[in-house]
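# Remarks on the overall topology
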Amino acid sequence: MKSVDEHLAEILATVRPLAPLELELDQALGATLAEEVSSPVPLPPFDNSAMDGYAVRAEDVADVPVTLPVTDDVPAGSVELRAVGPGHTMRIMTGAPLPAGADAVVPVEWTDGGTVSVRISRTVSAGNAIRRAGEDVGAGEVVLKPGTLIGPAQLGIIAGVGRRRVLARPRPRVVVVSTGAELVEPGGQLAPGQIWESNSFTLTAAVREAGGEGFRGESVGDDPGVLLDRLDTHLMRADAIITSGGVSMGAYEPVKEALSPLGTVRFEKVAMQPGMPQGFGVLGEDEVPIFALPGNPVSSFVSFMLFVRPALDKMRGLPAGPPETVTARVTGPLRSPAGRRSFLRGVLAADRTVSPVHGQGSHQLAALASANALIVVPEDETEVPEGASVEVIAL
C-alpha cells in the first residue's frame, strides 16, 4: 500500500495553481492576489477631522472656559476652501477636511454644541482629533503583496486605494458527484435497501469552507457510461472534480470501471484508516484533477481533509502541504491496525486534551458530526494508552 504522505505528494506534484484573472472587487473575496497593490495617493489624501466637533487654533482655547464665534460649518465631502481666523472656530464633521489655520479639533462633547457661538470647557493641544494626510499609507506605498488571500479587510484597502479590479487567482470551481444505485435525494421516500445521499452535501460544503466554489452534481447510479457522460458535461465548468463511492474492490464500482481504462486516473490502496481505497488523476485536454474518494461518509470526509484541501490550497496559489497538527493528551486508550495511519474522531478541548468520540466506524456520520478533530495514530503504533501525547488535526 502507498503511504498517506506519498499519495499527497503525488497529488501536489500534479495539480497546478490556477491562472490569474482580472477580477472585479465583488468577485475577489477568497481569491489570492497575483500582483502588488499600491496607493497612487497618500491615505488619507488630506488632513481631516477624526470627530464631530469644532476646528480651532489650539492657542485660542488655552484658557477655558472660553466662548468663540462659529463662522461656518464644514461637512464631510466639502470641497470649498475655508480658513479659521484667530479667535474663531468652525463646526466640523467626522472626515471633513481641516480648514486652513486650524490645528486642532475640540470634540462636540467638550462644548455646549452652539451653532452661532460655542462655549468650550476643555483645552486641547495642537493635532488633537486630526487625521494627518498619509498617516495610513504614503503615496506609492505597497499595501498588499502577491500571494495575499483576499478577505474583507483586503478588499477594503484595494477599494480604498481606488482600484476597481485586481489580478488574482480565483477560487477553484469544484464539482462533487456521488455514486451508488442505493442513493436517494434527501426528502425522498426510501425503498428497501436505499439510503439518503449525504456525501455530496458534506463534500460541497467542505469545498466552500476550504475557499473553493462548490457545485453539487446529481448523484449517479452504477452505470459507468452514465457516469462518464456526466463527468464530460462537468468538465466544461470545473477546475476539479470530486466523486464519492465506486472505488473499492467489489463488483458495481462505477468510478473505477469508468475511469481506469482512460489511463489517466490511478486507483490504489493507501495505508490509512478510514479511507484506504483512493483514486486520483486528471481528465480531459485541460487535465482537470479528479479525486475519486471512497463512499463511506467518514472515509470521504477524512480523505477530503488529507488530500483535497491541500490540493485546493495549491490551486489557489497558497502554501500547500499536510494538515497542521497540534499536540494533545488523549483522555482514553486508542487502538489502530498495524501498518495503517489512523485518523480517529475526537473532541479537542481548550486544555489541549482530546477525547475519542463513541463510534469510530467509517459509516458513522453522527459520530463525525460530534467531533471537532482527527486524532492521528502513526502506522507503527497499534495501541495508545490513556494520557499519552498524540498529534491532532483540528477540523
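Please refer to the structure placed before this passage.
These notes cover the structure that comes with them. (Residues numbered from 1 in each chain as written. Predicted model: local features only at pLDDT ≥ 70, side-chain atom pairs only at ≥ 80, totals over all residues. Heavy atoms only, no water.)

### Notes on the overall build of the chain
So the rule is basically this: Each helix corresponds to a stretch of at least 4 residues labelled H or I by DSSP, and each strand to a stretch of at least 2 residues labelled E; elements are numbered beginning at the N terminus. Radius of gyration: over C-alpha atoms. The globule rule applied is 2.2 Å multiplied by the number of residues raised to the 0.38 power. Using a 1.4 Å probe on the protein chains alone, a residue whose accessible area is under 20% of its type maximum counts as buried, one over 50% counts as exposed, and one in between counts as partly exposed. In this description, contact between two residues means that some pair of their heavy atoms is separated by no more than 4.5 Å. For accessible areas, the Shrake-Rupley method is used with a probe of radius 1.4 Å. Any residue's cover is judged against the shown protein chains and nothing else. None of His or the chain ends enter the tally, which takes Lys and Arg as positive and Asp and Glu as negative. Think of each charge as sitting on NZ of Lys, CZ of Arg, CG of Asp or CD of Glu.
Assigned secondary structure in the chain consists of seven helices and 28 strands. Here the chain has a C-alpha radius of gyration of 31 Å; the compact-globule value for 395 residues is 21 Å, and the former is much larger. With respect to the three principal axes, the spread of C-alpha positions in the chain is 95 × 50 × 45 Å. Per-residue burial for the chain yields a buried fraction of 46% across its 395 residues. Pairs at least 24 apart in sequence give 70% of the contacts found in the chain among residues at least 6 apart. When the accessible surface of the chain is split by element, carbon and sulfur atoms take 52% of a total near 18,600 Å². Within the chain, the 48 negative side-chain charges are centred at a point lying 1 Å from the centre of the 32 positive side-chain charges.

### With respect to the sheet that holds strand β20 (residues 277–283)
Formally: Here, any two strands with at least 2 DSSP bridges between them count as paired. Fitted lines through C-alpha atoms serve as axes, helices being fitted only where they are in contact, and the angles separating the N-to-C directions of these axes extend from 0 to 180 degrees.
With mixed pairing, the six strands of this open sheet are ordered in space as β16-β13-β17-β21-β20-β18. In this open sheet, the two edge strands, each paired with only one partner strand, are β16 (213–216) and β18 (265–269). Strand-to-strand twist in this sheet, taken as the mean axis angle between neighbours without regard to direction, amounts to 20 degrees. As paired elements, strand β17 (residues 240–244) and strand β21 (residues 288–293) share four bridges and run parallel to each other. Across the sheet, Ile242 pairs through a bridge with Phe291, a residue of β21. Sheet strands in contact with helix α6 (residues 297–315) are β13 (173–178), β17, β20 and β21, and its direction is about 165 degrees off that of β21.

### Some thoughts on the environment of Leu149
Positionally, Leu149 belongs in the loop between β11 (142–144) and α2 (152–160). As for Leu149 and Lys2, which are separated by 147 residues in sequence, their C-alpha atoms are 33 Å apart. Residues contacting Leu149, with those up to four places away along its chain left out, are Gly30, Ala31, Thr32, Gln154, Arg316 and Leu318.

### Section: α6
Quick note on the threshold: Between the first and last residue of a helix there are one fewer steps than residues, each counted as 1.5 Å, and that sum is the expected span. Throughout, bend refers to the angle between the axes fitted to the seven residues that end at a position and the seven residues that start at it.
Compared with an ideal rise of 1.5 Å per residue, which puts 19 residues at 27 Å, α6 spans 25 Å between its outermost C-alpha atoms and is within 8% of the ideal. Helix geometry: α6 is bent most strongly at Phe304, by close to 45 degrees. Summarising burial for α6: 17 of the 19 residues are buried, a large majority. Immediately downstream of α6, the backbone of Gly317 shows phi near 85 degrees, a positive value.

### Brief notes about the packing of aromatic side chains
Condition: Stacked, tilted and edge-to-face are the three classes assigned to paired rings of Phe, Tyr and Trp, where Trp is represented by its six-membered ring and a pair needs centres within 6.5 Å; plane angles under 30 degrees give stacked, over 60 edge-to-face, the rest tilted.
Applying the stated rule across the entire model yields one aromatic pair. Ring plane angle 45 degrees and centroid distance 5.2 Å describe the contact between Phe280 and Phe291, whose orientation is recorded as tilted. Taken together, the positions of Phe280 in strand β20 and Phe291 in strand β21 put the pair 11 residues apart, joining distant regions of the chain. Of the two residues, Phe280 and Phe291, both sit in the buried class.

### Section: helix α1 (residues 4–14)
Inclusion rule: As used here, the arc belongs to the directions running from the helix axis to the C-beta atoms.
Regarding α1, the residues found buried are Val4, His7, Leu8, Ile11 and Leu12. Angularly, the buried residues of α1 cover 130 degrees about the axis, an arc narrow enough to put them on a single face. Of the surrounding secondary structure, the elements contacted by the buried residues of α1 are β18, β19 (272–273), β20, β21, α6 and β24 (341–348).

### A look at the pairing of β21
Within β21, six of the six residues are buried, leaving the element largely enclosed by the surrounding structure. The two faces of β21 match: Val288, Ile290 and Ala292 on one face and Pro289, Phe291 and Leu293 on the other face are all buried.

### What to know about the sheet that holds strand β2 (residues 32–33)
Taking strand neighbours across the sheet as the criterion, the three strands line up as β1-β12-β2 in an open arrangement whose pairing is antiparallel. With partners counted over all chains shown, the strands left at the sheet margins are β1 (21–24) and β2, one partner each. Across four bridges, the pairing between β1 and strand β12 (residues 165–169) is antiparallel. By the bridge assignment for β12, Leu21 is matched with Ala168.

### Description of the nonpolar core
As a reminder, the rule being used: Buried Ala, Val, Leu, Ile, Met, Phe, Trp, Tyr and Cys residues that are joined via side-chain atoms within 4.5 Å together make up what is termed a nonpolar core.
Of all hydrophobic cores here, the largest spans 35 residues; its most connected members are Ile242, Met272, Phe291, Phe304, Phe307 and Phe343. Every element with two or more residues in this core is listed here: α1, β13, α3 (199–209), β17, β21, α6 and β26 (373–377). Element by element, the count of residues in this core is highest for α6, at 11 residues. Listed in part, the 18 residues of the second largest apolar core include Val220, Val247, Val265 and Ala292.

### So, the pattern of salt bridges
Convention followed: Any Lys or Arg side-chain nitrogen found within 4 Å of a carboxyl oxygen on Asp or Glu counts as a salt bridge.
Tallying each qualifying case throughout the model produces 18 salt bridges. The partner of Glu10 in a salt bridge is Lys2, with the nearest N and O atoms 3.0 Å apart. Look at Glu10 and you get partly exposed, because its relative accessible area is 23%. In this structure, Arg341 and Asp5 form a salt bridge, with 3.1 Å as the shortest nitrogen-oxygen distance. Note that Arg341 is positioned in strand β24 and Asp5 in helix α1, a separation of 336 residues in sequence. Take Arg341: its relative accessible area is 16%, and that puts it in the buried class. Several salt bridges share partner residues, and in doing so they unite Lys2, Glu10, Arg266 and Glu268 into one network.

### A short note on the environment of Arg341
Counted only if it meets this: In protein, a polar contact means a hydrogen-donor-capable atom and an acceptor-capable atom, both N or O and within 3.5 Å, with residues adjacent in sequence counting only if both atoms are side-chain atoms; elsewhere, any N or O pair within 3.5 Å suffices.
Placed 208 residues apart in sequence, Arg341 and Ala133 show a C-alpha to C-alpha distance of 58 Å. With residues near it in sequence (within four places) discarded, Arg341 still touches Val4, Asp5, Ala271, Met272, Gln273, Val376, Val377, Pro378 and Glu379. Within polar-contact distance, the side chain of Arg341 engages the side chain of Glu379 at 3.0 Å.

### Digging into the packing of α1 against α6
As a reminder, the rule being used: Working rule for angles: under 35 degrees goes down as roughly parallel, over 145 as roughly antiparallel, 65 to 115 as roughly perpendicular, anything else as oblique. A clockwise turn of the near helix away from the far one marks a right-handed crossing, whereas an anticlockwise turn of less than a right angle marks a left-handed crossing. Side-chain classes follow a simple rule in which Ala, Val, Leu, Ile, Met, Phe, Trp, Tyr, Cys and Pro form the nonpolar group, Asp, Glu, Lys and Arg form the charged group, and the remainder, Gly included, forms the polar group.
Running from amino to carboxyl end, α1 crosses α6 at an angle of 30 degrees, the nearest separation of the two axes being 10 Å. What the angle tells us is that α1 and α6 run roughly parallel. Here the hand of the crossing between α1 and α6 comes out right-handed. Contacts between α1 and α6 pair Val4, His7, Leu8, Ile11, Leu12 and Ala13 from the former with Leu306, Phe307, Pro310, Ala311 and Lys314 from the latter. When grouped by side-chain class, the residues that make up the contact of α1 with α6 number nine nonpolar, one polar and one charged.

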